[in-house]
2 protein chains.
Amino acid sequence: MPANNPPRYDVIAIGNAVVDVIASCEEELIEELQLNRGGMTLIDEARADELYEAMPPAREISGGSAANTLAGLATLGLQCAFIGQVADDQLGKVFRHDMRATGIDFDTPARPTSDKDSEPATGRVLIFVTPDGERTMNTFLGAGQFLPAAALDEELIASAAILYLEGYLWDPEEPRRAMRRAIEVARDAGRKIAFTASESFVIERHGDDFRSMIEEGVIDILFVNETELATLTGEDDFETGLAALAGKVPVLVATRSEKGAVAIAHGERAEVAAVPVTKVVDTTGAGDQFAAGFLSGHVKGEPLERCLQRGAICASEVISHYGPRPEADMQALIAEHL
Amino acid sequence: MPANNPPRYDVIAIGNAVVDVIASCEEELIEELQLNRGGMTLIDEARADELYEAMPPAREISGGSAANTLAGLATLGLQCAFIGQVADDQLGKVFRHDMRATGIDFDTPARPTSDKDSEPATGRVLIFVTPDGERTMNTFLGAGQFLPAAALDEELIASAAILYLEGYLWDPEEPRRAMRRAIEVARDAGRKIAFTASESFVIERHGDDFRSMIEEGVIDILFVNETELATLTGEDDFETGLAALAGKVPVLVATRSEKGAVAIAHGERAEVAAVPVTKVVDTTGAGDQFAAGFLSGHVKGEPLERCLQRGAICASEVISHYGPRPEADMQALIAEHL
C-alpha cells in the first residue's frame, strides 16, 4: 500500500531505553564472573547488583540498540522519533536528555517509581570491555520490559517513512505486543518496516515469529549479522543463508564484523570491506551504527554499495571510542571518505 | 607532634561527592549560556536544569576534585579512604561504586531522599568541553553541601598519614565545619594536612581562613595553580607569590598548566616541564591527577623533582581522554617514563 501522505519523520524506532555502564576489564574477570563473552545476556536485578559490585570503575553513556541507531541517524541529519520506556529516575532523565540533545523526539511518559523499592528502575546494560575491544553485555531491562501498547503514539508511528524495531525488545511480552501493534499501524499507513535481529538468543526464542513475518512480507529491511543469519535460516554457510532470505526480504543487510558486509536488495547484490581503524577500543554499537549509516543512505535513495559504505564508516567511528553512539562529526567524516 | 601510631591509610580525603556530566561543545555555546569559561561556577538546581537542557549528549563519570586525586592515588597503589556526602539515589550509587571499585574505602552514609521533591540529590558537575580541551564546570552541590561534622569517622581520620582537603568544599558551611574538625583530629594524631586551593573564587571568599591556617602552620602540603597563588598572596608575579608562601608551608606545589610546575619544600626548589600529549581532549582532572602523582612520590619519600615528574605524567594521562580519573595502568606508565 502506498504511503497515504508525506512522512513527517524519516525514521521512528521502538527500542530498549537503557543506560550503558561501561568498564574496561581483563579477560580473567569475564571467566571469573562466568559471563557470555561477546554476547548479550538478560539479567535480573539481583544479578545486576552482583555484577556491578564486581565491576571496575565505569562510565555511564546512554545506549539501547535502536536508540543508538537513531542517534546515528539524527547526527546524520535525519528526522527521528523514539518510543521506549524509562522510569522516573535519574538514569531515565539521563537517557531522555541524551536522546533529545541529539535532536530526537522522545515523548513516551516515564514510568513512576513512587514506591522505589518495588517499581523497576530505568534499565541498564553492564558492559565489560576486554583489551581486544570486544564487549560483553549484561542487560537488566528494568522499566523497559513494561512498555505498553497503550504508550504508542499511533499518529506518530504513521507519520514516519520507516518504523525501525529491535529484536532485543521482542523478548519481553508487553513490548512485543506493542511492536506488533506498531507494525499494523505503520503498514496501514503504507510505511516501511525495518528490523534488526539483535542477537541469536532472541532468534532462538522467537525465530518462528520472525520467520512468519518474513514469509508474510512484513519486513522491508532486515539487518542481521553472520551468527544471526545462521540461527534464523538454519544454514551454517553464509552464502546459503543469504540465498535463503534474499528473495523474501526486499532489502537484506548482513554484517560480518571485520570481514565487512553484504546487502541484497531487489535482486541486486553489493559488498563492502570493513573500514580499518587504528585501535578497536570498544565494539559496543558497531552494528547499531552500521545500520544508521546504511539507512541514512537508503532514505536518500543512494546506490546500494554506497549505503554499505556509509554503514562501514559509521561502524568504524563508534568502535574507536568507548560508548555506542557517534562522537565525531559524522556528516563531515562521511564526506571525507565518500 | 609525632604520629602516635603507624598509619593504616596513606591518605584520607574529604571532598565533594559528585558525578561529572561531560559533553563536548562548540565555543559558541559557552557564550550563549554565559558560562565562566575554564572556571568552576556553583549553580542551583534550577540553573542546573536549564544548563542540562541546553547541553549536548553527555557521558557520566564520577568526579569531585579530592575524590579524583584519591582515585589516582589508589591506582598508584596507595591505601586510601574517602569521606563525602552522596544522596541515596542512582548517581550516589554510581559514585560510591566507582570509589570502591578503585579500591578506596568509602563508608559515609548516603543522605536519604525519601521525600524526593524536597531532599537534594547527589551533586553533579555539568562540564562543557570546548574543542581546545578546556573544561568549563558548573557545579550543583546537591547533598554534598550537607556533609555534617557528625558524619566524620574520627578514628579513620586519625589513622591516615595525610588528611587531604579540597578548597571547593570549604565554601558550604556544614562541610567547612566538618573539615575544621577533621583538621583538629588529624593534628592531634600527629598527621599531615594537605590542602588544594581548588579555585580562585573559593580563595576570594575564604582567603582569610586559608591565610590564617597557613600562618598558624596548619597546612603541611599546599597545592595551588598560578591564578590561585596570585589570589592567595595578592602578588601577580609568580615568583613573588611563591616567595611569599615558601617559608610558611613545608611543601608548596604550584602548577602552571602547559608551563609545568614548581615545588618548594623545606627550602629546596624543583621544577618540571609539562609532559607533552598528542591531543588535549579534556583538561578535567589535570590538577587533581597532578596532586595524585606528586603525593604518591611524597608518601614514598622520593626526591622533590621526582614527585613533580610523577605529577606531570599523571596530569598528561588524564587530559588525553574524557573524564577526570586515570584510565591507563598508571604504575606502568610512570615506570615507563621514570
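Residues numbered from 1 in each chain as written. Chains lettered and ligands numbered in written order. Predicted model: local features only at pLDDT ≥ 70, side-chain atom pairs only at ≥ 80, totals over all residues.

1. Description of the overall build of chain A
Along its length, chain A carries 12 helices and 14 strands. Whereas a compact globule of 338 residues would reach a radius of gyration of roughly 20 Å, chain A reaches 19 Å, a difference of no more than 12%. The C-alpha extent of chain A, read off along each of the three principal axes, is 50 × 45 × 40 Å. Restricting to contacts in chain A with at least 6 residues of sequence separation, those with at least 24 account for 76%. (Helix = DSSP H or I, 4+ residues; strand = E, 2+ residues; numbered from the N terminus. Rg over C-alpha atoms; globule rule 2.2 N^0.38 Å. Contact = placed C-beta atoms within 7 Å.)

2. Description of the relation of the copies chain A and chain B
Structural alignment of chain A on chain B gives an RMSD of 0.0 Å, achieved by rotating through 180° and translating 0.0 Å along the axis. When the rotation and shift are considered jointly, the pair of chain copies conforms to a two-fold rotation axis. Using C-alpha coordinates, one finds that chain A approaches the rotation axis most closely at Glu60 of chain A, a distance of 2.4 Å. Taken together, the interface assignments show that 95% of the residues at the interface of chain A recur at the interface of chain B, consistent with an identical surface on both copies. (Least-squares fit on C-alpha atoms with pLDDT ≥ 70 in both.)

3. What about helix 8 (residues 226-233) of chain A?
Structurally, the α-helix is built with 3.6 residues per turn, so residues lying three or four positions apart point the same way. Three or more residues of helix 8 of chain A are buried, namely Glu228, Leu229, Thr231, Leu232 and Thr233 of chain A. On its buried face, helix 8 of chain A is in contact with helix 7 (200-215), strand 11 (221-225), helix 9 (238-246) and strand 12 (251-255) of chain A. (Buried ≥ 20, exposed ≤ 12 C-beta atoms within 10 Å, placed from the backbone.)

4. Brief notes about the interface of chain A and chain B
Taken together, the contacts link 19 residues of chain A with 18 residues of chain B. Among the secondary structure elements, those contributing two or more residues to the side of chain A that touches chain B are strand 4 (59-62) and helix 4 (90-101) of chain A. When residues of the side of chain A that touches chain B are assigned to their parent elements, the largest contribution, six residues, is made by helix 4 of chain A. Looking at the side of chain A that touches chain B residue by residue, the classes come out as nine nonpolar, five polar and five charged. Sheet analysis places strand 4 of chain A next to strand 4 (residues 59-62) of chain B, joined by three bridges and oriented antiparallel. (Nonpolar A, V, L, I, M, F, W, Y, C, P; charged D, E, K, R; others polar. Pairing = 2+ DSSP bridges.)

5. What about the sheet that holds strand 7 (residues 122-129) of chain A?
Taking strand neighbours across the sheet as the criterion, the 10 strands line up as 3(A)-8(A)-7(A)-2(A)-4(A)-4(B)-2(B)-7(B)-8(B)-3(B) in an open arrangement whose pairing is mixed. Of all strands in the sheet, those bounded by a partner on one side alone are strand 3 (40-42) of chain A together with strand 3 (40-42) of chain B. For this sheet, the mean inter-axis angle between neighbouring strands, taken without regard to orientation, is 25°. Sheet analysis places strand 3 of chain A next to strand 8 (residues 135-142) of chain A, joined by three bridges and oriented parallel. Looking at the pairing, Thr41 of chain A lines up with Asn138 of chain A of strand 8 of chain A. (Axes fitted to C-alpha atoms, helices over the stretch in contact; angles between N-to-C directions.)

6. Observations regarding unusual backbone geometry
Here Ser257 of chain A, not a glycine, exhibits a phi torsion of approximately 50°, which is positive. Notably, His266 of chain B is not glycine yet its phi reads approximately 45°, a positive angle. On the secondary structure map, His266 of chain B appears in the loop between strand 13 (261-265) and strand 14 (268-272).

7. Let's talk about the packing of helix 7 (residues 200-215) of chain B against helix 8 (residues 226-233) of chain B
Residue and element names in this part refer to chain B. Where helix 7 contacts helix 8, the two axes come as close as 9 Å, and the packing angle between them is 40°. Judged by the angle between their axes, helix 7 and helix 8 are oblique. Two packed elements cross with a definite hand, and for helix 7 against helix 8 that hand is right-handed. Where helix 7 abuts helix 8, its residues Ser200, Ile203, Glu204, Gly207 and Phe210 lie against Thr227, Glu228, Thr231 and Leu232. Its residues assigned to classes, the contact of helix 7 with helix 8 comprises three nonpolar, four polar and two charged. (Parallel < 35°, antiparallel > 145°, perpendicular 65-115°, else oblique. Left-handed = near helix turned anticlockwise from the far one by under 90°.)

8. Focus on the sheet that holds strand 1 (residues 9-14) of chain A
Residue and element names in this part refer to chain A. Taken in spatial order, the nine strands line up as 6-5-1-9-10-11-12-13-14 in an open sheet, and their pairing is mixed. Edge positions in the sheet fall to strand 6 (105-106) and strand 14 (268-272), since each has one partner strand and no second. The strands touched by helix 11 (residues 304-318) are strand 13 (261-265) and strand 14; relative to strand 14, the strand with the most contacts, the crossing angle is about 30°.

9. Details of the environment of Gly133 of chain A
All names here are of chain A. Here Gly133 shows up in the loop between strand 7 and strand 8. Accessibility expressed as a C-beta count within 10 Å gives 18 for Gly133, which makes it partly exposed. Taking the C-alpha atoms as reference, Gly133 lies 29 Å from Gln145; in sequence the two are 12 residues apart. When residues no more than four places from it in sequence are discounted, the contact partners of Gly133 are Val280, Val281, Asp282, Thr283 and Ile319.

10. What about the environment of Arg59 of chain A?
Relative to the elements of secondary structure, Arg59 of chain A occurs in strand 4. Looking at Arg59 of chain A, the number of C-beta atoms within 10 Å reads 24, which means it is buried. Excluding residues that lie within four positions of it along the chain, Arg59 of chain A makes contacts with Ile22 and Tyr322 of chain A together with Arg59, Glu60, Ile61 and Gly323 of chain B.

11. Digging into the pairing of strand 12 (residues 251-255) of chain B
Residue and element names in this part refer to chain B. With respect to burial, strand 12 is a largely interior element, five of its five residues being buried. Neither face of strand 12 is left uncovered, since the one carrying Val251, Val253 and Thr255 and the one carrying Leu252 and Ala254 both have all their residues buried. Where strand 11 (residues 221-225) lies against strand 12, five bridges are found, and the strand directions are parallel. Of the residues in strand 12, the one forming a bridge with Phe223 is Val253. Bridging between strand 12 and strand 13 involves five bridges; their strand directions are antiparallel. Each bridged residue has a counterpart across the sheet, and for Val253 the counterpart in strand 13 is Ala263. With antiparallel pairing between neighbouring strands as the criterion, strand 12 and strand 13 make up a hairpin whose turn holds five residues, including Ser257 at a positive phi of roughly 50°.

12. Considerations on the confidence of the model for chain A
Per-residue pLDDT for chain A averages 95, and the proportion of residues at 70 or more is 98%. Scoring the predicted complex yields pTM 0.96 and, for the interface, ipTM 0.95. (pLDDT = per-residue confidence, 0-100.)

13. Overview of the environment of Pro303 of chain A
Along the chain, Pro303 of chain A turns up in the loop between helix 10 (286-299) and helix 11. Pro303 of chain A gets classed as exposed once you count the C-beta atoms within 10 Å, which come to 12.

14. Observations concerning the pairing of strand 5 (residues 80-83) of chain B
Residue and element names in this part refer to chain B. Of the two faces of strand 5, the one carrying Cys80 and Phe82 and the one carrying Ala81 and Ile83 are both buried. As paired strands, strand 1 (residues 9-14) and strand 5 are joined by four bridges and run parallel to one another. From the neighbouring strand, Ile12 faces strand 5, where its bridge partner is Ala81. Bridge count between strand 5 and strand 6 (residues 105-106): two bridges; the pairing is parallel. The partner of Ala81 across the bridge, within strand 6, is Asp105. With helix 4 (residues 90-101) bridging strand 5 and its parallel neighbour strand 6, the resulting β-α-β unit is right-handed. (Right-handed = clockwise from strand over helix to strand, strands pointing away.)

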